[in-house]
Amino acid sequence: MVETVKTQCPYCGVGCGLEASPPAQPGRAVNRDKDGIPIWGIRGDRNHQSSLGQVCVKGATIGEVIHRNRLKHPMMRESLDQPLRQVSWDEALDAIANQIRHTLATQGPNGVAMYGSGQFQTEDYYTAQKLLKGCLGTNNFDANSRLCMSSAVAGYAKSLGSDGPPCAYEDLDLTDCAFLIGTNTAECHPIIFNRLRKNHKKNGQTKLIVVDPRATDTSKFADLHLQIQPGTDIDLMNGIAHLLVKWGKLDQTFITNHTTGFEQVQEIVTSYTPDKVAERCGITAAEVELAAQYWGESDRVLSMWSMGMNQSSEGTAKVRTLINLHLMTGQIGKPGAGPFSLTGQPNAMGGREAGGLAHLLPGYRFVANAQHRQAVEEFWRLPAGRISDKPGLTVWDMVEAMETGNLGIFWVAATNPAVSLPDIDRVKAALRKSPFTVYQESYFPTEMVEFAHVLLPASQWSEKAGMMTNSERRVTYCPQFRTPAGESRADWTVFAEVGRRLGFVREFAFNNSAEVYAEFVRLTRGQLCDQSGLSHNLVASIGAVQWPAPRGKIPDPMKTTRLYLDRQFPTPDGKARFAAYHSRGLAEPPDGEFPFVLTTGRLYGHWHTQSRTGRIDKIVKMHPNPFVEIHPKSAEKMGIVEGDLLEVRSRRGAGRFPAMITKRISPGTVFVPMHWGALWADQSEANAMTHELACPESKQPELKACAVNITLVAQILRKTESVEAEKEFVGTGKSLWNRLVEGLRRPI
Ligand SMILES: Nc1nc2c(c(=O)[nH]1)N[C@H]1C(S)=C(S)[C@@H](COP(=O)(O)OP(=O)(O)OC[C@H]3O[C@@H](n4cnc5c(=O)[nH]c(N)nc54)[C@H](O)[C@@H]3O)O[C@H]1N2
Ligand SMILES: Nc1nc2c(c(=O)[nH]1)N[C@H]1C(S)=C(S)[C@@H](COP(=O)(O)OP(=O)(O)OC[C@H]3O[C@@H](n4cnc5c(=O)[nH]c(N)nc54)[C@H](O)[C@@H]3O)O[C@H]1N2
Ligand code: SF4
Ligand SMILES: [Mo]
């Protein structure tokens, strides 16, 4: 009899602990899905310190979808206009190894590129780094974290000396001022939000500030919602800094002993008077003052942020400006306080630890640092100089390299770039030019299938064993408890097998993922993200633990760790760095032709491109179709009523969405959710409109803002008309979405 197993939720970066129990339980009917197939039961793990038994709808329903619509066999084709044919693993792996050899011979190592994901386990990430950066000598490994956390990574590294969120979830209970900026925590990190709300409700003194151009389920509970214009975060934060300086609400001792560069910040913020800031941000001066007052008067300020900050052409500057506020008030390195990035994906943190971006190496090391390269080369027993000193291509560089014929192989795993990259029509055109694209995926179909020459079935969470690190640096062991679907294999085993076929037999002599992890942790020894004291066995037996977890000390899973309690930062002089920035505004501001700012983001039930959540009835019912949020004033001016079909057009492309008229959005802004790719709705892709312009420091694209115009393309029919129209579609086999769009609306 298989027992209940403990694991981590494979969706968001909260990293809730889950318990999975087998379909058959003594004394109970077998747990089955709607088609009668036995499924594992999922519930929260009360002993997991990150979530204490809580789960949201995504985690709770994961059991319903892990077996459905799976990609089961390798498939191949010579060109994209041919149908895919089923092939053996041998044939597929040989084809990949041959293409890599051919590319190395004709284009050199930089013709090889891999695009991975924060949904990898740490072992997948590590094996890929060793293959690309070590054995093949190219740093062309990037991950979807480029679209997600890279501004946070750059901001932490530049301001504090290293990546690594310093805080812990326990700080949610202890803070007396939570500053939530660019995060819809209630929908996207719900269990973190619940925990914060508990403190907020119980303790009347705790203040909750939300900075977001939209009113969201998060801002609903705020004591102060600053509904700023998109892209004005730096103005606001410099405005808060201005007042803190003016009011003398500074921690001078901290500034003097533990930081450098405060003078520049002090100078730059002098011009950020409340009136000026209020005007730029589209809020009132009193609101700016109140935010500064809450910040200045609180003993423990905890700021949290995600994509409204990171996905910006000045993402790193936003993050560093936020960290400035913490440094000037000494709000870091103590319980209940600190700058706390909320990680998007379940193991984007592990990815960063394993060096999973084009400029990183394992153990929070950098490609550009000669000592770091040498340490990793020696560890991997590679010849000196094998690791290139140049950062690899970021994912957008890879798109451009496909356009110019500079990639011989583009290898994609655990991400769906045919939906999630900006300027998606351009991306699709580039993918069509790629001579050889490998796509490693668990589900079938997804939008990316259309662009794959080789399709490899990936075992997913529950079918492979590995580690994931969540937002608070807690590492959870995720065991295998189900049989892999069809012929699917764990991602890391595929990378290792290709490595062996290319002659790197010693490098990839791993028998299982525990051995991969054991090797990886040795590379973290003495680094900030030290987890050399951890192993699969240890974490499986004692439960999830936070790093730092150095060798020689048995970590205590009940103990909370925080970074920088000693106020020593991992910079050469041990001090944190202030950074003074003026805002440069949006990369593509609205103008006469494109008068609205389009912002994009998430909904509570859906996960990204819907490969899983689009196949769960309960969630589809929750969020049945895409839409565009538009303010009543704008709608009225254009004669738009709720449900009308609108075309949202930017300089790059357009999509069509039913209007959702709401005061949640400000008049000059519209919002479209990112979840509907070509597979799930017709012409409703958020990324048809977005652009690739990115932060110069983090190379993270500004997915949160582009300029668009709006036209009315079809009016919603009155109720009686729509019932008739609905009848016409019965039995035509069209999707509910098509029926809605074609049947319930009259073209203009
Ligand atoms: N339900 C659900 N949860 C998820 C995910 C999911 O797909 N679905 N994905 C996970 C992942 S990978 C990520 S990265 C996180 C993302 O989590 P969040 O960042 O919380 O989610 P988003 O909806 O992308 O964006 C957050 C907010 O940024 C605001 N925003 C837009 N522009 C600006 C701006 O200029 N300034 C400010 N201050 N705010 C702005 C938007 O209005 C939006 O409400 O969620 C994770 N959790
Ligand atoms: N307009 C707009 N675009 C955005 C964003 C936005 O806010 N607005 N957000 C960006 C952000 S923050 C993110 S994180 C990205 C997310 O974008 P994507 O990474 O493209 O989204 P997912 O749908 O999560 O894709 C992950 C895929 O991996 C597959 N998969 C799951 N488990 C495994 C596994 O173990 N192995 C393999 N090989 N495959 C597996 C899933 O089935 C799924 O198809 O989108 C970005 N794009
Ligand atoms: S909050 Fe995130 S980690 Fe927790 S159950 Fe929901 S999706 Fe999973
Ligand atoms: Mo993300």
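Predicted model only: the values in this text are computed from it and were never measured.

## Here we look at the site of ligand 3
All residues in the neighbourhood of ligand 3 are listed as Cys9, Tyr11, Cys12, Val14, Gly15, Cys16, Val55, Cys56, Lys58, Gly59, Pro190 and Ile191. When residues of the shell around ligand 3 are traced back to their parent elements, those giving at least two are helix 1 (57-61) and helix 7 (190-202). Tallied by class, residues from the shell around ligand 3 come to nine nonpolar, two polar and one charged.

## What to know about the nonpolar core
The tendency in soluble globular proteins is for nonpolar side chains to be buried as a group. Formed by 116 residues in total, the largest nonpolar core has its most connected members in Ile96 and Trp411. When residues of this core are assigned to domains, at least three map to each of domain 2 (75-147 + 347-546) and domain 3 (150-341). Those residues in contact with tryptophan 411 that sit more than four places away from it in its chain are Ile96, Ile100, Ala113, Met114, Tyr115, Leu131, Val438, Gln440, Val494, Phe495 and Val498. Ranked by size, the runner-up nonpolar core spans 45 residues in total, among them Ala113, Val395, Val399 and Ala418.

## Description of the site of ligand 1
Asp212, Gly231, Asp233, Arg602 and His606 are the nearest of the 34 residues found near ligand 1. Here cysteine 188 contributes a backbone N or O atom positioned 2.7 Å from a nitrogen atom of ligand 1. A distance of 2.7 Å separates an oxygen atom of ligand 1 from a polar atom in the backbone of glycine 231. Taken by itself ligand 1 offers 910 Å² of open surface, and the protein chains cover 99% of this. Secondary-structure elements contributing two or more residues to the shell around ligand 1 are helix 6 (185-188), helix 13 (307-310) and strand 23 (596-601). Of the residues contributing to the shell around ligand 1, the split by class is 11 nonpolar, 15 polar and eight charged. Two domains each provide a minimum of three residues to the shell around ligand 1, namely domain 3 (150-341) and domain 4 (596-741).

## Some words on the sheet that holds strand 2 (residues 17-21)
In space, the three strands of this open sheet follow the order 1-2-3, with antiparallel pairing throughout. Every interior strand has two partners, whereas the edge strands, strand 1 (5-8) and strand 3 (41-44), have only one. Between one strand axis and the next, the sheet turns by 35 degrees as a mean value, whatever way the strands run. Relative to strand 2, strand 1 runs antiparallel, the two sharing four bridges. Considered in strand 2, the bridge of glutamine 8 is made with glycine 17.

## Some details on the domain arrangement of the protein
With domains assigned, the protein is organised as domain 1 (1-68), domain 2 (75-147 + 347-546), domain 3 (150-341) and domain 4 (596-741). Relative to domain 3, the C-alpha centre of domain 2 lies at a distance of 34 Å. In this complex, domain 2 contributes 14 residues to the contact, which on the side of domain 3 involves 17 residues. Where domain 2 abuts domain 3, roughly 1200 Å² becomes buried across the two surfaces, and 50% of that area is made up of carbon and sulfur atoms. The partner of aspartate 163 in a salt bridge is arginine 352, with the nearest N and O atoms 2.8 Å apart. Where domain 2 packs against domain 3, one counts eight residue pairs in polar contact (both at pLDDT 80 or more). For the side of domain 2 that touches domain 3, the per-class residue count stands at six nonpolar, four polar and four charged.

The rules behind the values
Residues numbered from 1 in each chain as written. Chains lettered and ligands numbered in written order. Predicted model: local features only at pLDDT ≥ 70, side-chain atom pairs only at ≥ 80, totals over all residues. Heavy atoms only, no water. Near = heavy atom within 4 Å. Helix = DSSP H or I, 4+ residues; strand = E, 2+ residues; numbered from the N terminus. Nonpolar A, V, L, I, M, F, W, Y, C, P; charged D, E, K, R; others polar. Core = buried A, V, L, I, M, F, W, Y, C linked by side-chain atoms within 4.5 Å. Buried < 20%, exposed > 50% of the residue type's maximum accessible area, 1.4 Å probe, protein only. Domains from an automatic or database assignment. Contact = heavy atoms within 4.5 Å. Polar contact = N/O pair within 3.5 Å; in protein donor to acceptor, adjacent residues only side chain to side chain. Areas by Shrake-Rupley, 256 points an atom, 1.4 Å probe, with all protein chains shown as cover. Pairing = 2+ DSSP bridges. Axes fitted to C-alpha atoms, helices over the stretch in contact; angles between N-to-C directions. Buried area = accessible area lost by both parts, 1.4 Å probe. Salt bridge = Lys/Arg side-chain N within 4 Å of Asp/Glu carboxyl O.

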